[in-house]
Amino acid sequence: MKFMKYSTASAQDVFRQNNPSTNDRIGLRELIAIDFFLLGVKGTDLTASFFFQFAGSAAWLLPLLIFIFLLPIIFLVTHLLSQYEGKSLLFISEQLLGRSLTYLAAFVLFVLGMAATVLNMRSYAQMTGIMFYGRTPLIFLYGVILLTTAYVAYRGLEAIGRVASLLLPYAVFSFVLLYFGVYDMMDYRAIFPLFGQGWKMISETILHLGFVVDIFYFALFASMLKGGSRTYKHGTLIGVGIAGVGTMGLIFMYTDVFGYPGVNQVLFHYQQITRIAHYGQFINHIEAAFLGTWILATVVHFALYLYTMVYLLHYLVRSEDMFRLFIPVTAAVFFAGLYPYRSEKLFFIYREWIVWILTATVYPYFLLLVLLARIKGGKKRGRKKTS
Amino acid sequence: MAVKKHLKRLLPFFLLLFLSGCWDKIELEDVALVTTIGLDKGSLPGRVDVTLQIMNAQKATIALGNPAEKEPDHINVTLRNTTPILVKDQANAVITRRINISQVQAFLISEALARDVDLYQIIAAMIRDPEMRRETPVIITKERAETFIKHNRPKFETLIYAFYRFKLNRWKDTGDVPLSNVNDFLRAHADGAPYLFIYATTERKKAETKGQGDDTIAGRMEVKGGDPAEMIGAAIIHKGKMIGTLTGEETRFTLLLGQNLRIASYYVAFPDPDHKPWMISTRIKNEMPPTIDVDLKGKRPHITLTVPLYVEVLSIPSNVDYVADMRLQNKLARYLEQTMHKTFMDLVQKAQQTWKADIFNWYRFARSQFLTWSAYEAYDFEKRFQDAEVTLHVKLQMIDFGKQLRPEDTLPPLKGKH
């Protein structure tokens, strides 16, 4: 294997050789589930607080707004993927931008992705620690969650896809069950005034589109999709649609149960709502049941993050075996997460910086690729006409 | 290589070790479940006296040869001049088990504390503890919470948590008390609106006027026997301080006019229109909530309410035949409408003049008229409520007479062939 040229095409073969399975591609169902877990779980953490900050009582409309802004970008990326059918994003960008610029882009993606992974994982571990495990040292909790996540990711992308598609109905079911549990504490009039903070909503949404950049990180794996770019388009649209509806429902629940502006005083909305859920007179205080599904969803969510990071590192370092890189990446995430962040900075300030930087770099990168593909495609067409 | 091959399979079993809760593992017998937390004014400023009523969980099981037979049902522990959070460790000086406040059934706050200190500070001091639940009911007691807890020994419920659980159902059934919990209070406080708390006491005083029925506040009912704790009426908290009380009947109508009344039917008695000493007992059903229309276009807000009533007349002591005689029935219907109208308008008057607070929570309906939050804040419904013009229409939709028709027990003479 050492004498093989290190291009992304052969790296795929190396990947498949070391991770043989009869079905190493993921299909539409797995993609829908993966997109749901990438975005839907974000409704259960502090992203909800950000939404309330941007839009006030209209925070439940923000997922809809984000979806509207995402639609053109999804169509553009799908168009790009369909022009180079069956190839992953890095291969396409090598063709369009050249190898060294692609290296730079992959490096930036890697660094930003690692920062986002560390921040998000650490904030979820802290959330679980604060709400449920008061006496457990945070390092330990973080380590256990990281270990589990790394294990799931170590099994490969198909394994993650299968876990996600198995877990999807249960996650959706638990959201619906939660709604029925808090039904009599909800007062739907809290969503008025309907447009919350007004026009500020739209500008803040555009600035903070980095919240949903995960689905475009998934374009890195576009070569592993059964059915190529069509699967990517359908999967992303349906997955993001379901996640959007789920998040809208969750934020609607938060606004109605806690009231606006009372909702700004609550930090972990989802956990508090599960503590309130009750069914009839005797079935109450069942937050541990919801914690179970939530932790499983979190593990799938971060398994994807870790897998993406290992994949990017594998591309950058050009190693032989991708799966050997899990240990350095996991260790890096663990040690970076040990830094004693203050809660306020961890949850809000650093997260917002990362989101801004992601919005400023990833979307222009994709748009640049699309633009270059149009130009080069035009040139190709031009050449065809003359010959 | 062998290690690597088996690593994939062995790692999950290693992770199983962490399923027992890590450092937070505790046995159920090692936990002291607090059922009630009572807060009183401490003798030092800024401190409270916290009373914990800890339930004996072992008595909850029915077993032969119960080892916990001689143990008391509950323990009351009072810690003076502390803060609510410190209590969890302080109480372990006299309690064997770990204090757990996630099963608290009620918070009791004394009226002296509510009138003196900002209630929001007290409740918010406790809310940061992750064990505390936001849907816990909060009750304001007339005397010290410590005394209330000591005297509150219900006759049928040996375990105190059952008392509060069943009482919660009764609160939902009768509507004589508002359903107050921490979540709704924090929500109303963030909105700047007044909030109604359940009012309770164990000290019974002589009633001021006789024959009021449930138009009384806790402690003044003409009742003898039953449980020591009397819970009726509401305490109004506005901007963190207690500003007044409502009687049981007033509470029910306040909740009705604010579309907060969740019960299906309730009993109301009216003085008989013609024969004054008698009282007609009726059951009023809440089939449709009142429709509230808020018009903010003029200088003063106009609030129009239409309250549909479905009345079931259940006792007619005067034996006047309201059943068959339609003219008399219409007269009764109009009379009932007028009486209800007067009661409601008196209540609105009191809210606007005496307490100057929107206890009906009509601001929720005003919010839907605005498009942005800043527009709503600029309008400031809270201040304009005092000048608002309230129009009430009481519509008696149906009048029914229960399961018996005629008030008399003799048949009327047969009309017709004779």
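Shown above is the structure to which this text applies.
Residues numbered from 1 in each chain as written. Chains lettered and ligands numbered in written order. Predicted model: local features only at pLDDT ≥ 70, side-chain atom pairs only at ≥ 80, totals over all residues. Heavy atoms only, no water.

S.K.: Would you explain the overall build of chain A in this entry?
M.R.: Secondary structure assignment for chain A yields 15 helices and two strands. Over its C-alpha atoms chain A spans a radius of gyration of 21 Å, differing by no more than 12% from the 21 Å that the globule rule assigns to 387 residues. For chain A, the spread of C-alpha atoms along the principal axes amounts to about 75 × 45 × 35 Å. Long-range contacts, defined as pairs at least 24 residues apart, comprise 84% of the intrachain contacts of chain A with a sequence gap of at least 6. Summed over its atoms, the accessible surface of chain A is roughly 15800 Å², and 68% of this surface lies on carbon and sulfur atoms. A distance of 11 Å separates the average location of the 31 positive side-chain charges in chain A from that of its 18 negative side-chain charges. (Helix = DSSP H or I, 4+ residues; strand = E, 2+ residues; numbered from the N terminus. Rg over C-alpha atoms; globule rule 2.2 N^0.38 Å. Contact = heavy atoms within 4.5 Å. Areas by Shrake-Rupley, 256 points an atom, 1.4 Å probe, with all protein chains shown as cover. Lys, Arg positive; Asp, Glu negative; His and termini not counted. Charge placed at Lys NZ, Arg CZ, Asp CG, Glu CD.)

S.K.: Mind showing me how you'd approach the packing of aromatic side chains here?
M.R.: By the definition in use, this model includes 39 aromatic pairs over all chains. Ring centres 6.2 Å apart and planes at 45 degrees place the aromatic pair A:Phe50 and A:Phe54 in the tilted group. In this pair, A:Phe50 and A:Phe54 are both assigned in helix 3 (residues 47-55), four residues apart and thus about one turn of the helix distant. The same class applies to A:Phe50 and to A:Phe54, which are both buried. Among the aromatic residues, those joined into a cluster by ring pairs are A:Phe50, A:Phe51, A:Phe54, A:Phe211 and A:Phe348. The ring of B:Tyr379 is capped by B:Arg384, whose NZ or CZ atom sits 4.2 Å from the centre of that ring. (Phe/Tyr/Trp six-rings, centres within 6.5 Å; stacked < 30°, edge-to-face > 60°. Buried < 20%, exposed > 50% of the residue type's maximum accessible area, 1.4 Å probe, protein only. Lys NZ or Arg CZ within 6 Å of the ring centre and 35° of its normal.)

S.K.: I keep staring at the pairing of strand 9 (residues 241-246) of chain B and nothing clicks. Help me out?
M.R.: Consecutive side chains along a regular strand alternate between the two faces of the sheet. All names here are of chain B. One ladder, built from five bridges, connects strand 8 (residues 230-238) with strand 9; its direction is antiparallel. Along strand 9, the bridge assignment pairs His-238 with Lys-241. With antiparallel pairing between neighbouring strands as the criterion, strand 8 and strand 9 make up a hairpin whose turn holds two residues, including Lys-239 at a positive phi of roughly 55 degrees. (Pairing = 2+ DSSP bridges.)

S.K.: I would appreciate a short explanation of the pairing of strand 6 (residues 138-141) of chain B in the present structure.
M.R.: Residues and elements named next belong to chain B. Residues Val-138 and Ile-140 of strand 6 are buried on one face, and the alternating residues Ile-139 and Thr-141, pointing to the opposite face, are buried as well. Here four bridges tie strand 5 (residues 106-110) to strand 6, and the two strands are oriented parallel to one another. Across the sheet, Ser-110 pairs through a bridge with Thr-141, a residue of strand 6. Pairing geometry for strand 6 and strand 7 (residues 195-201), over three bridges, is parallel. Within strand 7, the residue paired with Ile-139 across the bridge is Ile-198.

S.K.: Just checking my understanding: could you explain the interface of chain B and chain A for this structure?
M.R.: One frequent convention defines the size of an interface as the accessible area lost when the parts assemble. If you look at the interface, chain B gives 41 residues, while chain A gives 43 residues. Together chain B and chain A conceal approximately 4100 Å² of surface at their shared face, both sides included; 53% is due to carbon and sulfur atoms. Per-residue buried area on chain B facing chain A is highest for B:Lys8, B:Arg187 and B:Trp373; these three make up 16% of the total on that side. At the junction of chain B with chain A, the criterion picks out three salt bridges. For A:Asp187, the salt bridge identified is with B:Arg187, shortest N-O distance 3.5 Å. For the pair chain B and chain A, the interface holds 19 residue pairs in polar contact (both at pLDDT 80 or more). At the level of secondary structure, the elements contributing two or more residues to the side of chain B that touches chain A comprise helix 1 (2-15), helix 6 (160-174), helix 7 (182-191), helix 10 (363-366) and helix 11 (373-379) of chain B. Sorting elements by how many residues they give to the side of chain B that touches chain A places helix 1 of chain B first, with six residues. In the side of chain B that touches chain A, the residues fall into 18 nonpolar, nine polar and 14 charged. (Buried area = accessible area lost by both parts, 1.4 Å probe. Salt bridge = Lys/Arg side-chain N within 4 Å of Asp/Glu carboxyl O. Polar contact = N/O pair within 3.5 Å; in protein donor to acceptor, adjacent residues only side chain to side chain. Nonpolar A, V, L, I, M, F, W, Y, C, P; charged D, E, K, R; others polar.)

S.K.: How should I be thinking about a nonpolar patch on the surface in this particular structure?
M.R.: Residues A:Leu101, A:Leu104, A:Phe107, A:Val108 and A:Val111 make up a contiguous nonpolar surface patch of roughly 420 Å² in combined accessible area. By secondary structure assignment, the location of A:Leu101 is in helix 6 (residues 99-131). (Patch = residues over 30% accessible without salt bridge, like charges linked within 9 Å, V, L, I, M, F, W, Y side chains within 5 Å.)

S.K.: Could you clarify how one ought to interpret the side chain of A:Thr78 in this entry?
M.R.: Residue and element names in this part refer to chain A. Looking at where Thr-78 falls in the secondary structure, it is placed in helix 4 (residues 62-83). Owing to a relative accessible area of 7%, Thr-78 belongs among the buried residues under this scheme. When sequence neighbours within four positions are dropped, the list of residues in contact with Thr-78 reads Ser-229, Tyr-232 and Lys-233.

S.K.: I would appreciate a short explanation of the pattern of salt bridges in the present structure.
M.R.: Side-chain pairs of opposite charge can arise where the charged atoms are in close proximity. Residue and element names in this part refer to chain B. Applying the stated criterion to the full structure yields 29 salt bridges over all chains. In this structure, the salt-bridge partner of Lys-25 is Glu-27, at a minimum N-O distance of 3.5 Å. The shortest N-O distance in the salt bridge between Glu-389 and Arg-300 comes to 3.0 Å. Of this pair, Glu-389 sits in strand 14 (residues 389-400) while Arg-300 sits in the loop between strand 12 (291-295) and strand 13 (302-315), and the two are 89 residues apart along the sequence. Through salt bridges with shared partners, a single ionic network connects Asp-40, Asp-49, Arg-80, Arg-144 and Glu-146.

S.K.: Honestly, unusual backbone geometry in this entry has me stumped. Any pointers?
M.R.: Peptide bonds are trans in most cases, and residues, glycine excluded, mostly fall at negative phi. Cis geometry is found at the peptide bond from A:Phe192 to A:Pro193, where omega equals 0 degrees. Within the secondary structure layout, A:Pro193 lies in the loop between helix 8 (157-181) and helix 9 (200-207). For the bond running from A:Tyr260 to A:Pro261, omega is 5 degrees, close enough to zero to count as cis. Even without a glycine there, the phi angle at A:His285 is positive, about 60 degrees. Tracing the backbone shows A:His285 in the loop between strand 2 (283-284) and helix 13 (287-317). The backbone of B:Asn81 shows a phi angle near 55 degrees, a positive value even though the residue is not glycine. With respect to the element layout, B:Asn81 can be found in strand 3 (residues 74-82).

S.K.: How should the nonpolar core be read in this particular structure?
M.R.: A general feature of soluble globular proteins is that nonpolar side chains tend to end up buried together. Core analysis: the largest hydrophobic core is formed by 204 residues, its most contacted members being A:Phe37, A:Phe216, A:Phe218, A:Tyr254, A:Tyr307, B:Trp362 and B:Phe381. When residues in this core are grouped by element, the largest group, 19 residues, is from helix 13 of chain A. Counting 43 residues, the second largest nonpolar core, distinct from the first, contains B:Val77, B:Ile109, B:Phe185 and B:Tyr195. (Core = buried A, V, L, I, M, F, W, Y, C linked by side-chain atoms within 4.5 Å.)

S.K.: How should I be thinking about the side chain of A:Glu352 in this particular structure?
M.R.: Residues and elements named next belong to chain A. With respect to the secondary-structure elements, Glu-352 resides in helix 15 (residues 343-386). Within the buried core, Glu-352 has no salt-bridge partner, and the shortest N-O distance to an opposite charge, that of Lys-200, equals 9.4 Å. Excluding anything up to four places from it in sequence, Glu-352 contacts Phe-50, Phe-54 and His-208.

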